Amino acid sequence: MSLLISTNVFDKVEDWAKIHDLIKAVKYDDKGIEIFPLWDQEGFEELLEKNEEYLKGMKITFHGAYYGVEPSAPKNTKEYYKSIVQNKKTIDWCNRLNGKFVVHHHNNRKIPTEEREQIIKNSDVQLKELTDYANKNSVALFIENVGVNSNGNNLWTDDEFIEMSLSIPNPILIDVGHANANNWDIEKIIVALKDKIIAYHLHNNYGIYDSHNRIREGSFDFEKFIRLYKLFTPDKDLTLEYSDRYKDEIDYIAQDAEWLIDNLNRCDRSAAILY
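Source: prediction; values computed, not measured.

Regarding its fold elements, the protein chain presents 11 helices and 8 strands. Reported as C-alpha extents along the three principal axes, the dimensions of the protein chain are approximately 50 × 45 × 35 Å. Looking at the protein chain as a whole, 55% of its 275 residues qualify as buried. Here the protein chain has roughly 12300 Å² of accessible surface; of this, 48% comes from carbon and sulfur atoms. Both charge centroids of the protein chain, one from 34 positive and one from 47 negative side chains, sit 2 Å from each other.

Bringing the pattern of salt bridges into the picture now. On inspection of all chains with the given rule, the structure shows 21 salt bridges. Across the pair Glu52 and Lys56 runs a salt bridge, and its minimum N-O distance is 3.4 Å. Here Lys56 and Glu52 lie together in helix H3 (residues 52-56), a separation of 4 residues that amounts to about one turn. Looking at Lys56, the relative accessible area reads 33%, which means it is partly exposed.

Before going further, it helps to examine the packing of aromatic side chains. Applying the stated rule across the entire model yields 15 aromatic pairs. Arranged with centres 6.0 Å apart and planes meeting at 35 degrees, the rings of Phe225 and Tyr229 form a pair that is tilted. Residue Phe225 and its partner Tyr229 are located together in helix H9 (residues 222-232), separated by 4 residues, close to a single helical turn. Just as Phe225 is buried, Tyr229 falls in that class too. Taken together through their ring pairs, the aromatic side chains of Tyr200, Phe220, Phe222, Phe225 and Tyr229 make up a single cluster.

Okay, the sheet that holds strand E1 (residues 3-6) next. Strands sit in the order E1-E2-E3-E4-E5-E6-E7-E8 around a closed barrel of 8 strands; the barrel is parallel. Ignoring which end each strand starts from, the neighbouring axes of this sheet average 30 degrees apart. As judged from the 4 bridges shared by E1 and strand E2 (residues 31-35), these two strands associate in the parallel manner. Within E2, the residue paired with Leu3 across the bridge is Lys31. Relative to E2, helix H1 (residues 18-25) is tilted by about 145 degrees, and along the sheet it contacts E1 and E2.

Reading the values: the criteria
- Residues numbered from 1 in each chain as written.
- Predicted model: local features only at pLDDT ≥ 70, side-chain atom pairs only at ≥ 80, totals over all residues.
- Heavy atoms only, no water.
- Helix = DSSP H or I, 4+ residues; strand = E, 2+ residues; numbered from the N terminus.
- Buried < 20%, exposed > 50% of the residue type's maximum accessible area, 1.4 Å probe, protein only.
- Areas by Shrake-Rupley, 256 points an atom, 1.4 Å probe, with all protein chains shown as cover.
- Lys, Arg positive; Asp, Glu negative; His and termini not counted.
- Charge placed at Lys NZ, Arg CZ, Asp CG, Glu CD.
- Salt bridge = Lys/Arg side-chain N within 4 Å of Asp/Glu carboxyl O.
- Phe/Tyr/Trp six-rings, centres within 6.5 Å; stacked < 30°, edge-to-face > 60°.
- Pairing = 2+ DSSP bridges.
- Axes fitted to C-alpha atoms, helices over the stretch in contact; angles between N-to-C directions.
- Contact = heavy atoms within 4.5 Å.

Quick look at the structure:
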């Protein structure tokens, strides 16, 4: 199991210098980072180039392009081309840094009810194009459960997400914070998708807003999650994906990583069965 820290916590190019201190602070051998790309910020690609050898020396994954990018934009629109260009660049860099995978969103925008079916169709067009491109470049493209009801951008119920996930070839990344904010049944999801889940995003909230709190600051039951994880998806990658509110709280992030690893180590699979 790799434990990764998302650079979502450092959402400005100038904050990236803190990554070195964060990685040193996390006391776990199989550790790395999920790179949350900042393609629209001046100097970001140069930052990757400057740190290329350092990044190649650790476990790396990538989040798909997000800021100002819409993966459900209709084909041949300006928004479509921006999404394709930035996501292909992300895939290229994942390959260049020997990354494990790129995680992809179906959509980022709000969804009027009457547009839902068309948004899904538009999103599927981009998903296929990017999956084909990723496959040609030896990169796995994972699909994340995204969207939060309170933001108006959630496409799926938990049952619909399960059905969709089983219908596509892509592996699945489960974001437990999104599941909690949408009141999804995390046990049902993990049991149903256990053979497709390859990784998780970990953060917490109080069941409404996608606040990306620390893992013990919210209503999601991480002790139950750990038991489910050990029982059904042991050794899959885990990523702490925190808000930029914590960019100056490296010690707290390292403490959460330690708590998570300690609890995972104490919960073996035979004990997990008793939950």
